[in-house]
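# Geometric and topological summary
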Amino acid sequence: MPAPPPDKPVYRFAPSPNGFLHLGHALSAFLNHDMARTNGGRFLLRIEDIDLARCTPEFEQAIYRDLAWLGLRWEEPVRRQSEHFNAYHAALDRLTEMDLVYPAFLTRGDVKARVAAYEADGKSWPRDPDGSPLYPDHDRYRSKTERRRLIAEGVRHAFRLDMGKALGLIKAPLNWMETGDGACGEIPADPSVWGDVVLSRSDAPSSYHLSVTVDDAVQGIAHVVRGLDLFEATAVHRLLQELLELPQPAYHHHRLIMGPDGRKLSKSEGSTGLAALRDQGLSGGDIRRFVGL
Ligand code: GLU
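Every chain begins its residue count from 1, and numbering advances along the sequence as written. Whole-chain, interface and lining totals are the exception, using all residues; otherwise, since this is a predicted model, local features are given only for residues with pLDDT of at least 70 and side-chain atom pairs are given and counted only at 80 or more. Heavy atoms from the whole structure form the basis of all side-chain values; hydrogens and water molecules are not counted.

Within an unreviewed UniProt entry, the label attached to the protein chain reads Glutamyl-tRNA synthetase class Ic, and the organism entered is Neorhizobium galegae bv. orientalis str. HAMBI 540.

Set out below in structure tokens:
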């Protein structure tokens, strides 16, 4: 196929095959698809399957089936993140060469225990926008020799970004252009609220933040259209784009579809799952109306 003209804006829907799609995914997929069509752009599908333990071929096949049933068509070949670990590794190497990455040896359980001990006398440990405790300073100041020794001993570790050091390299104010359903216009990005984010883990060779940033650049995504639950994460993506000298897309974070309990839908909720709605005899057009389009 001849390469499409570079001036066509590129959109992507990027689900993770770790569960079945629900109405919230349908809204996201419709919006990306429709914006691409309205703006004479391209609509890509990206399978975000870096979490090898939770993503399955069955869930991936269900994504193709559900999207086709919604009446959507996407370009082939689909980019599957599990086939591009080299690209994420190269980005991690580059950040490592910049001396911005350190091995982090505390398990989730270790962090939890430290935080609980700290909070036992009424103090509160800082949390990120998703409510997880920030990673303690613990490993950031270890010597190179000690890091090497622990790794050689086979101690499991993740690689984390030294947020303070990384921000020290950013000279201009960090922000992004937003057109979504929340705050709009030029949004100031403050990635420090996430602390030293994970870039790769022993069980997942790349983190969401790293792979999404690399892929949006590789695929030339001009407009990132996704749910408002990822609004705050954009600050980290903007930081990684600056550090890795990648282009900056515009962002559109759309409203979320809430369940009957007023909470955002989860992949385990059968009643709002697309497959269940299809089995009830509904059509893609019905789903468009259900999600308010
Ligand atoms: N894979 C992410 C999810 O399923 C979406 C990532 C993105 O759109 O940036 O929630």
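Moving on from the model shown.
Between side chains of opposite charge, pairing is possible as soon as their charged atoms come close. Any Lys or Arg side-chain nitrogen located within 4 Å of an Asp or Glu carboxyl oxygen qualifies as a salt bridge. Under the counting rule described, the total for this entry stands at 23 salt bridges. We note a salt bridge from Arg46 to Glu48, for which the minimum N-O separation is 3.0 Å. The buried label applies to any residue whose accessible area, calculated with a 1.4 Å probe on protein chains only, is under 20% of its type's maximum; exposed applies above 50%, and partly exposed to all values in between. Residue classification places Glu48 among the buried positions, given a relative accessible area of 7%. With a shortest N-O distance of 2.6 Å, Arg278 and Asp66 are connected by a salt bridge. Of the two residues, Arg278 is situated in helix α9 (residues 274-279) and Asp66 in helix α2 (residues 57-69); the sequence distance between them amounts to 212 residues. With a relative accessible area of 1%, Asp66 lands in the buried category. The secondary structure listing takes helices from DSSP runs of H or I that are at least 4 residues long and strands from runs of E that are at least 2 residues long, numbered from the N terminus.

Turning next to the site of the ligand. Near the ligand the following residues occur: Arg12, Ala14, Pro15, Ser16, Glu48, Tyr208, Val212, Arg226 and Leu230. Here a polar contact is taken to be a pair of N or O atoms separated by no more than 3.5 Å, where protein atoms must pair a possible hydrogen donor with a possible acceptor and residues adjacent in sequence count only if both atoms sit in side chains. For the ligand, a nitrogen atom lies 2.8 Å from a polar atom in the backbone of Ala14. Charged means Asp, Glu, Lys or Arg here, nonpolar means Ala, Val, Leu, Ile, Met, Phe, Trp, Tyr, Cys or Pro, and polar covers whatever is left, Gly included. Counted by class, the shell around the ligand contains 5 nonpolar, 1 polar and 3 charged residues. If a single non-hydrogen atom of a residue is within 4 Å of a molecule or strand, that residue counts as near it.

Two strands qualify as a pair provided DSSP detects at least 2 bridges between them. Sheet architecture is open: 3 strands sit in the order β4-β5-β8, paired in antiparallel fashion. The open sheet has two edge strands with one neighbour each: β4 (101-104) and β8 (198-200). Between one strand axis and the next, the sheet turns through 45° on average, direction left out of account. As paired elements, strand β5 (residues 158-161) and β8 share 2 bridges and run antiparallel to each other. Across the sheet, residue Phe159 finds its bridge partner in β8, namely Ser200. To define axes, lines are fitted to C-alpha atoms, for helices over the stretch in contact only, and angles between the resulting N-to-C directions are given on a 0 to 180 degree scale.

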